[in-house]
Amino acid sequence: MAERQLAMVMDLNKCIGCQTCTIACKQLWTRDEGMEYMWWNSVNTQPGRGTPKDWEKMGGGFPNKKPDPGRIPTRAEFGDAWEYNHKEVFYGGKGDKTHLQIQGQKPDWGPNWDEDQGAGEYPNSYYFYLPRICNHCTHPACLEACPRNAIEKNAENGIVTVNEDSCRGYRFCMAACPYKKIYFNQVAKVAQKCIFCFPRIEKGVANACARQCPGRVRFVGYRDDQNAPIYKLVDKWKVAIPLHPEYGTEPNVFYVPPLGPARFDEAGDLDESTPRIPTEYLESLFGPAVHDSLAILKAEMEKAREGGKSELMDLLIAYKWKDMFGGFDRDPASIEWVKAESTEG
Ligand code: SF4
Ligand code: SF4
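Because the structure is a prediction, the values reported are computed rather than measured.

1. Focus: the pattern of salt bridges
Move 1: For the coordinates displayed, the defined rule picks out twelve salt bridges.
Move 2: The partner of E88 in a salt bridge is K94, and the shortest N-O contact between them spans 2.8 Å.
Move 3: Measuring nitrogen to oxygen at the nearest pair gives 3.2 Å for the salt bridge that ties D235 to R223. Of the two residues, D235 is situated in helix α8 (residues 229–236) and R223 in the loop between β8 (218–222) and α8; the sequence distance between them amounts to twelve residues.
Move 4: Via salt bridges that share partners, K232, K236 and E311 belong to a single interconnected network.

Written out as structure tokens, the structure is:
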């Protein structure tokens, strides 16, 4: 157990699925050889099969307080990085006679293959976006499964990382993580995963995915900082809840569930009594706590609509971006970053 625990809250009512977070992470951390298929941050459409495909059916974690060995997702289930004819299009001198095309065998799956499909029948169809990173769990199944003790939970901030010098590529961690948020690098032969941007955090800078998010979806900070939004959203207002709490790993990424619009009735009028996103579906993702969370959100929204003051609504609107990061609001451009030495050659 770490002395303090860093955490993230993501407000699903504000995520627009733009993938800026995904690309911010990719640019910063997963550009080396063997990392092409890795998306430490992914944003999937719900309902949907997710990334890797059907990850919720692969086991792992501690369901009913017992360890479940789980299984390793295949490369095909993650979806490979596709090859394109970039050179031909951009440097081939063919003008408008060519266009971007996938090279080789046509893929039948990839991350976000089912993007924006969702569920339900028109006019009551629905979907929402679910951004995911490693949850930096309090009870990390990945760490417990590693026979080399290569996975470490930082004692001061609770960030979970892989020590690549100790890792021998056995991949028990990939099978054991119920969120399927560890990848295997076939070139370096080690497991790799989200590091909660610890080199930025150490310098007072919020994670790249959070800092770059144009939707102001992500809050960052210590769980026990009572003056910061994480504590207020998770412990005080109890509207931010973990994904699949039944997996038993005690995640430290929390979600404000989506309210969604009302349904249309058969006459085409809005039926405010029935939510378009079925609450049973949300319960299957976030557990029974989702009912109280949605009720609190609705009540506070109503209060604010009627002109009342709502601390919760003010927090979620996030008028000032700096207020979202629990003190991790230093400008990354103001820091002289030292580039890590290359291990190649
Ligand atoms: S979390 Fe933010 S950056 Fe990521 S997809 Fe949603 S709105 Fe875009
Ligand atoms: S989400 Fe998975 S990889 Fe991340 S700490 Fe939890 S068990 Fe480990």
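2. Here we look at helix α10 (residues 289–305)
Move 1: With 17 residues, α10 should reach 24 Å at 1.5 Å per residue; the first-to-last C-alpha distance of 25 Å fits that figure.
Move 2: All of the buried residues along α10 are V290, S293, L294, L297 and E300. The buried residues of α10 occupy an angular sector of 135° when the element is viewed end-on, so they sit on one face.
Move 3: Buried residues in α10 make contact with β9 (241–242), β10 (253–256), α9 (279–286) and α11 (311–317).

3. Observations concerning the pairing of β10
Move 1: Of the two faces of β10, both are covered, the one formed by V253 and Y255 as well as the one formed by F254 and V256.
Move 2: Where strand β1 (residues 6–11) meets β10, four bridges bridge the pair, whose relative direction is parallel. Opposite M10, over in β10, you have Y255 as the bridge partner.
Move 3: Where β9 lies against β10, two bridges are found, and the strand directions are antiparallel.

4. Quick notes on the sheet that holds β10
Move 1: Spatially, β8-β1-β10-β9 is the arrangement adopted by the four strands of the open sheet, whose pairing is mixed. Because the sheet does not close on itself, it has two edges, and the strands there are β8 and β9.
Move 2: Of the strand pairs in this sheet, β1 and β8 are connected by five bridges, and their pairing is antiparallel. Residue L6 lies in a different strand from β8, and its bridge partner there is Y222.

5. What to know about the packing of aromatic side chains
Move 1: Across all of its chains, the model carries 13 aromatic pairs by this definition.
Move 2: Here Y37 and F78 contribute two aromatic rings whose centre-to-centre distance is 5.4 Å and whose plane-to-plane angle is 70°, an arrangement assigned as edge-to-face. Note that Y37 is positioned in the loop between α1 (20–29) and β2 (42–46) and F78 in helix α2 (residues 75–78), a separation of 41 residues in sequence. Neither residue differs from the other here; Y37 and F78 are each classed as buried.
Move 3: Three or more aromatic residues joined by ring pairs make a cluster, and in this case those are Y37, F78 and Y183.
Move 4: Directly above the aromatic system of Y222 lies the positively charged group of R4, at a separation of 3.9 Å from the ring centroid.
Move 5: Lying across the ring of F184, R171 places its NZ or CZ 3.8 Å from the centre.

6. Description of the nonpolar core
Move 1: Among the nonpolar cores identified, the biggest contains 81 residues, and M8, V9, L233 and F286 are the most heavily contacted of them.
Move 2: With five residues, β1 is the single largest residue contributor to this core.
Move 3: With residues near it in sequence (within four places) discarded, L233 still touches V9, F219, K238, V239, A240, L312, L315 and L316.

Rules used throughout
Residues numbered from 1 in each chain as written. Chains lettered and ligands numbered in written order. Predicted model: local features only at pLDDT ≥ 70, side-chain atom pairs only at ≥ 80, totals over all residues. Heavy atoms only, no water. Salt bridge = Lys/Arg side-chain N within 4 Å of Asp/Glu carboxyl O. Helix = DSSP H or I, 4+ residues; strand = E, 2+ residues; numbered from the N terminus. Expected span 1.5 Å × (residues − 1). Buried < 20%, exposed > 50% of the residue type's maximum accessible area, 1.4 Å probe, protein only. Arc of directions from axis to C-beta. Contact = heavy atoms within 4.5 Å. Pairing = 2+ DSSP bridges. Phe/Tyr/Trp six-rings, centres within 6.5 Å; stacked < 30°, edge-to-face > 60°. Lys NZ or Arg CZ within 6 Å of the ring centre and 35° of its normal. Core = buried A, V, L, I, M, F, W, Y, C linked by side-chain atoms within 4.5 Å.

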